[in-house]
Amino acid sequence: LQSRAPFWLTARNAPPKVGTTRRSFRSGEPVTVQWNNAPGNRWDWIGVYADSAGAGDTSPLLWRHTQAAIGGTIVLDQTAEGGGWPLAPGRYRVVLSLDDSYVVLAEAGFQIDP
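To start, this report covers the structure provided alongside it.

Here is what the cut-offs are and how they apply
- Residues numbered from 1 in each chain as written.
- Predicted model: local features only at pLDDT ≥ 70, side-chain atom pairs only at ≥ 80, totals over all residues.
- Heavy atoms only, no water.
- Buried < 20%, exposed > 50% of the residue type's maximum accessible area, 1.4 Å probe, protein only.
- Helix = DSSP H or I, 4+ residues; strand = E, 2+ residues; numbered from the N terminus.
- Pairing = 2+ DSSP bridges.
- Phe/Tyr/Trp six-rings, centres within 6.5 Å; stacked < 30°, edge-to-face > 60°.

Overview of the pairing of strand β4 (residues 45–50)
Part 1 of the argument: The buried fraction of β4 amounts to five of the six residues, a majority that puts the element mostly inside the structure.
Part 2 of the argument: Here β4 runs beside strand β7 (residues 90–97); their pairing, made up of six bridges, is antiparallel. Bridge assignment links I46 to a residue of β7, and that residue is L96.

Listed below in structure tokens is the structure:
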């Protein structure tokens, strides 16, 4: 009898990482985000905040859960959670957050052009 279950291997003490596939996108263009070395909790999530948002801001413009994946790629577009679509021109940061909390594990900047 064989069983199949996906699993991931990561380097010991590898820090979580998140980033967009490009440094800039046009307004209305989907933003593709990649992450790796996440803890793999059920409710880990990726969110987008305006670069000007303060550290205590708990209202992401867009977000999606990682589906407990330690690494992967998601697209943030009009189907993402939150009411911030389309992103207006400006500077933003994408964050990887821990298990339905606002604990930021990793973040990276990107830009939306007109």
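Overview of the packing of aromatic side chains
Part 1 of the argument: The tally for this structure, following the rule as stated, stands at four aromatic pairs.
Part 2 of the argument: Seen in terms of ring centroids, F25 and F110 are 6.1 Å apart; in terms of plane orientation they differ by 85 degrees. Their pairing is edge-to-face. With F25 in strand β2 (residues 24–26) and F110 in strand β8 (residues 104–113), the pair connects residues that are 85 residues apart, well separated along the chain.
Part 3 of the argument: When its relative accessible area of 2% is taken as the criterion, F25 is described as buried.
Part 4 of the argument: We classify F110 as buried; its relative accessible area is 2%.
Part 5 of the argument: With a centroid separation of 5.8 Å and 25 degrees between ring planes, the pair formed by Y92 and F110 is classed as stacked. Within this pair, whereas Y92 is found in strand β7, its partner F110 is found in strand β8, the two being separated by 18 residues in sequence. F110 matches Y92 in its accessibility class, with the two residues each being buried.
Part 6 of the argument: Through a chain of ring-to-ring contacts, three or more aromatic side chains come together here, namely F25, Y92 and F110.

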